[in-house]
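Residue strings, one per chain:
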Amino acid sequence: MHPTGRPRPLTQTTPSSPARFDLLGLGNAIVDVLAPASVETLAEYGMIPGAMNLIDAERAELLYAALREMAARPGAGHALAQSSGGSVANSCVAAAALGARVAYLGTVAEDSLGDIFADDIARAGVHFPSARLSGADARGTARCMILVAPDGSRTMNTYLGACTAFTEAQVDEDIVRASAIIYLEGYLFDDPAAKAAFRKAARIARQAGRRVALSISDPFCADRHRADFRALLADVDILFANELEAESLFQTDFEGAVRAVASLPVAVLTRGPLGSVILSAGERIEIPALPTEVVDTTGAGDAYAAGFLAGLAAGRSLRDCGLTAAACAAEVISHYGARPERDLRAEVAAAMA
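Keep in mind it's a predicted model, so treat the numbers as computed, not measured.

**Some words on the side chain of S334**
Item 1. Of note, S334 is situated in the loop between helix 12 (318–332) and helix 13 (344–352).
Item 2. Judged by its relative accessible area of 17%, S334 is buried.
Item 3. At 2.6 Å, the side chain of S334 forms a polar contact with the backbone oxygen of E331.
Item 4. With sequence-adjacent residues up to four places away left out, S334 is seen in contact with T292, E293, V295 and R342.

Here it is, written out as structure tokens:
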């Protein structure tokens, strides 16, 4: 943050050239495997409803095989939904659906799940130039088995696999320089090599006059990396955090967190059904949550960030960016899965009317 506590301007330098991409995401490249599940199924596999569990390769193969078998049973009523995922990847796909020019960097293996990720994100209109990994370092493409209970709550079992191989070598300097906004995923911050990659990407972006956005991603990320995140804020133009993440990052209540982010050019704090708060240059903008039926909250924050960043790249006001974001989040939570099913541009137009 600025040492005086005064807000920094949104951009430090003039971009060296026109942007080829509006948004570049850096994150954990994960295949989302989505399936409905009963409370009994969760208990059968020893899962705590609503929890996010990091699992090893053996557990990942066991659960993946079980979900495929359940989906193949006669009368199951659903196919196994598999798509490119990970928090920032979801944001990139939604931003592309809004018409933004989007690229993404993340590591996947040279395997069948890597094929699913690469093919799916490309079909969504996102440029994905990252090299596929093979051999011992690949560790298998990451996957997140998301079991959605009848009440809409989600229980996630995540195997990070190839994600943990993201290093400075995976940071494509030319694409960073060619992107108006660089969006960094907090989930990726667990590995020291990934931290170095973040710092490299942020440094290149700042030197090129580009904006840097950061998602804290999860309260546990804030707990584990509090000092590093707070140090990284010196190079961040746009911060995304939900209420719990912000309170954890600054070890305070919500209003204390609001004061703590006041010196950032833009901070966006989401509060679920209470809407969101946008802070910039001493201004506080309250954005209400839009009414919708809550079916599955998977990807709500990802969609919100997509709407906000796509709006910002298009030159909209912060309030309109917030309304765009709220419309995207409302669409995503109205059905299963983290991907929009309706025309997001139409949803945004309706919200702005």
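**Overview of the nonpolar core**
Item 1. Membership of the largest hydrophobic core comes to 66 residues, with the highest contact counts inside it found for Y104, F117, M145, F240, I278 and F308.
Item 2. By residue number, the principal contributor to this core is helix 12, which donates nine residues.
Item 3. Apart from the residues within four sequence positions on either side, F117 is in contact with A29, I30, V31, S84, G85, A89, Y104, V108 and F128.
Item 4. Counting 43 residues, the second-largest nonpolar core is a separate cluster that includes F198, I216, F229 and L232.

**Focus: the layout of surface pockets**
Gaps between atoms show up when a probe of the same size as a water molecule is rolled over them.
Item 1. One number sums up the size of the second largest pocket: a volume of about 200 Å³.
Item 2. Considering the residues around the second largest pocket, the lining is formed by 14 residues, among which L34, S83, G337, A338 and R339 are closest to the centre.
Item 3. Contributing elements (two or more residues each) for the lining of the second largest pocket: strand 2 (30–36) and strand 4 (81–85).
Item 4. When the residues that make up the lining of the second largest pocket are grouped by side-chain class, the tally is six nonpolar, five polar and three charged.

**Some words on the packing of helix 3 (residues 87–97) against helix 11 (residues 300–313)**
Item 1. Direction vectors running N to C along helix 3 and helix 11 enclose 50 degrees, while the axes themselves pass 8 Å from each other. Considering their axes alone, helix 3 and helix 11 lie oblique with respect to each other. In this structure, the crossing between helix 3 and helix 11 has a hand that is right-handed. Contacts from S87, N90, S91, A94 and A95 in helix 3 reach D302, A305, A306 and A310 in helix 11.

**Re the packing of aromatic side chains**
Item 1. A complete count under the given rule lists seven aromatic pairs for this structure.
Item 2. Each ring, one from F189 and one from F198, has its centre 5.2 Å from the other, and the planes form 40 degrees; the classification is tilted. Grouping residues by exposure puts F189 and F198 together as buried.
Item 3. Linked through ring pairs, Y104, F117 and F128 together constitute an aromatic cluster.
Item 4. One Lys or Arg, R271, reaches over the ring of F254 and ends 3.8 Å from the middle of that ring.

**Some details on empty space enclosed by the protein**
Item 1. Scanning all chains against the criterion turns up one cavity of 30 Å³ or more.
Item 2. Taken as a whole, the largest cavity encloses approximately 30 Å³ of empty space.
Item 3. Around the largest cavity sit Y45, M47, L63, A66, L67, M70 and L147, which together line it.
Item 4. When residues of the lining of the largest cavity are assigned to their parent elements, the largest contribution, four residues, is made by helix 2 (residues 57–72).
Item 5. Considering only residue class, the lining of the largest cavity consists of seven nonpolar, no polar and no charged.

Calculation notes
Residues numbered from 1 in each chain as written. Predicted model: local features only at pLDDT ≥ 70, side-chain atom pairs only at ≥ 80, totals over all residues. Heavy atoms only, no water. Helix = DSSP H or I, 4+ residues; strand = E, 2+ residues; numbered from the N terminus. Buried < 20%, exposed > 50% of the residue type's maximum accessible area, 1.4 Å probe, protein only. Polar contact = N/O pair within 3.5 Å; in protein donor to acceptor, adjacent residues only side chain to side chain. Contact = heavy atoms within 4.5 Å. Core = buried A, V, L, I, M, F, W, Y, C linked by side-chain atoms within 4.5 Å. 1 Å grid on protein atoms, 1.4 Å probe; cavity = no way out; pocket = protein on both sides within 12 Å on 5 of 7 lines; lining within 4 Å. Points joined across faces, edges and corners; volume = space filled by probe spheres on them. Nonpolar A, V, L, I, M, F, W, Y, C, P; charged D, E, K, R; others polar. Axes fitted to C-alpha atoms, helices over the stretch in contact; angles between N-to-C directions. Parallel < 35°, antiparallel > 145°, perpendicular 65-115°, else oblique. Left-handed = near helix turned anticlockwise from the far one by under 90°. Phe/Tyr/Trp six-rings, centres within 6.5 Å; stacked < 30°, edge-to-face > 60°. Lys NZ or Arg CZ within 6 Å of the ring centre and 35° of its normal.

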